[in-house]
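Given next are the chains, with one letter for each unit.
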Amino acid sequence: GEEMIAAGIPTILVDNTKAENSTMHNKFTVIDKSIVMTGSANYSSTALNKSDEDLLTVENTDLAERYLKEYLELKVGEYEKSDAYDDGTKIKAWMGPEDNLSKKLISLIDNAKKSVYVAQFQFNHTGLGQALIDAKDRGVNVLVIIDTKQAAEESLDESLINAGISLVYAENTKGKYTEMHSKFMVVDHVYTAVGSFNWTSLASYHNDENIVIIEDASMAARTEGKLAELINSYAAGKADSFGLTTGKQEVTFTVNNVSLEAGAKLILKSVGGSFTGGVEFTGKSATLSVEAGTRIEYRYSVEGDAGTMNENGANHHFTVPYSSGPFSISDIFRP
């Protein structure tokens, strides 16, 4: 903060005094009134390089407007409930504590038909815990991954285990202050909730927080891929015992922003692994059969009469979920 002030960047210090230990816990950025970045990741070297984190980037002016409104409310210290959405809206953002974030998530859990997968750094909210137990009693497959150090300070995890819910303790030992800091939920392979919000009473009633709820199967598949990575890290070989699906899964990769000239081909090449020789697309998509839990790091290229155009920037990656496909992944080509 001092370095930013010295550099002439306007810096606003927010002091949340709603309760003992309450904080301005948001982690979001709005760029050019059109792009929103949010998730669990603090802007620290440990978070961005060693802890288990989530970062969602969305290009959506309506979403950006909602986050800018929250930014201005934080600036002046006055808060209003967010406007309601139309039922058909596929991506929704909510702010806490004014929007009652725990109630939004409980509603998702209460309507789950097949599965609820949760990764949570802190979890002591009894209402959310009871919603998971009720879902389990309805026959929904419920799996919770929780940070080991935080679980040691709470007792709700014991209630979940006693109710028959599969629970994974995650102890990130990559550094002195590393954590399993993710905060996401996937419901029925369709709905994804992600943001700054820990499942605690303090976060629910006092902290400044945010969540995004997305209705999109491709986003859910990516998030379940993150869940698979966490299982591989902290409960390797136990996917079957959690009621998860192993074996080969069908994954369709689609690139949406490419126009192919006659004779041109779109190619996927893995960085290591089974597809280093390249997989040729049919048009803009290709379907692969890959073992659940496999992490694929890959790049695209376009081959045509004029030569080959390779992608710039970071590699794409996707971990095949431990659940029954088929899965559809949407990417963009980075020229």
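Structure shown above.
Residues numbered from 1 in each chain as written. Predicted model: local features only at pLDDT ≥ 70, side-chain atom pairs only at ≥ 80, totals over all residues. Heavy atoms only, no water.

The grouping of Ile12, Val14, Met24, Tyr71 and Leu72 at the surface amounts to a nonpolar patch, some 420 Å² of accessible area in total. Residue tyrosine 71 is classed as partly exposed on the basis of its relative accessible area, which comes to 42%. (Patch = residues over 30% accessible without salt bridge, like charges linked within 9 Å, V, L, I, M, F, W, Y side chains within 5 Å. Areas by Shrake-Rupley, 256 points an atom, 1.4 Å probe, with all protein chains shown as cover. Salt bridge = Lys/Arg side-chain N within 4 Å of Asp/Glu carboxyl O. Buried < 20%, exposed > 50% of the residue type's maximum accessible area, 1.4 Å probe, protein only.)

Time to look at the nonpolar core. With 35 residues, the main nonpolar core has Tyr67, Leu143, Ile145, Ile231 and Leu244 as its most contacted residues. No other element matches helix α9 (residues 217–234), which puts 6 residues into this core. If we skip the residues at most four places from it in the chain, leucine 244 touches Tyr117, Asn141, Leu143, Ile231, Ala239 and Tyr322. In this structure, Ile109, Leu128, Ile146 and Trp199 belong to the second largest nonpolar core, which totals 31 residues. (Core = buried A, V, L, I, M, F, W, Y, C linked by side-chain atoms within 4.5 Å. Helix = DSSP H or I, 4+ residues; strand = E, 2+ residues; numbered from the N terminus. Contact = heavy atoms within 4.5 Å.)

Turning next to the environment of leucine 55. In this fold, leucine 55 is placed in strand β3 (residues 55–59). For leucine 55, a relative accessible area of 53% corresponds to the exposed category. For the pair leucine 55 and methionine 37, spaced 18 residues apart in sequence, the C-alpha to C-alpha distance is 6.8 Å. Beyond its immediate chain neighbours, meaning those up to four positions away, leucine 55 contacts Met37 and Thr38.

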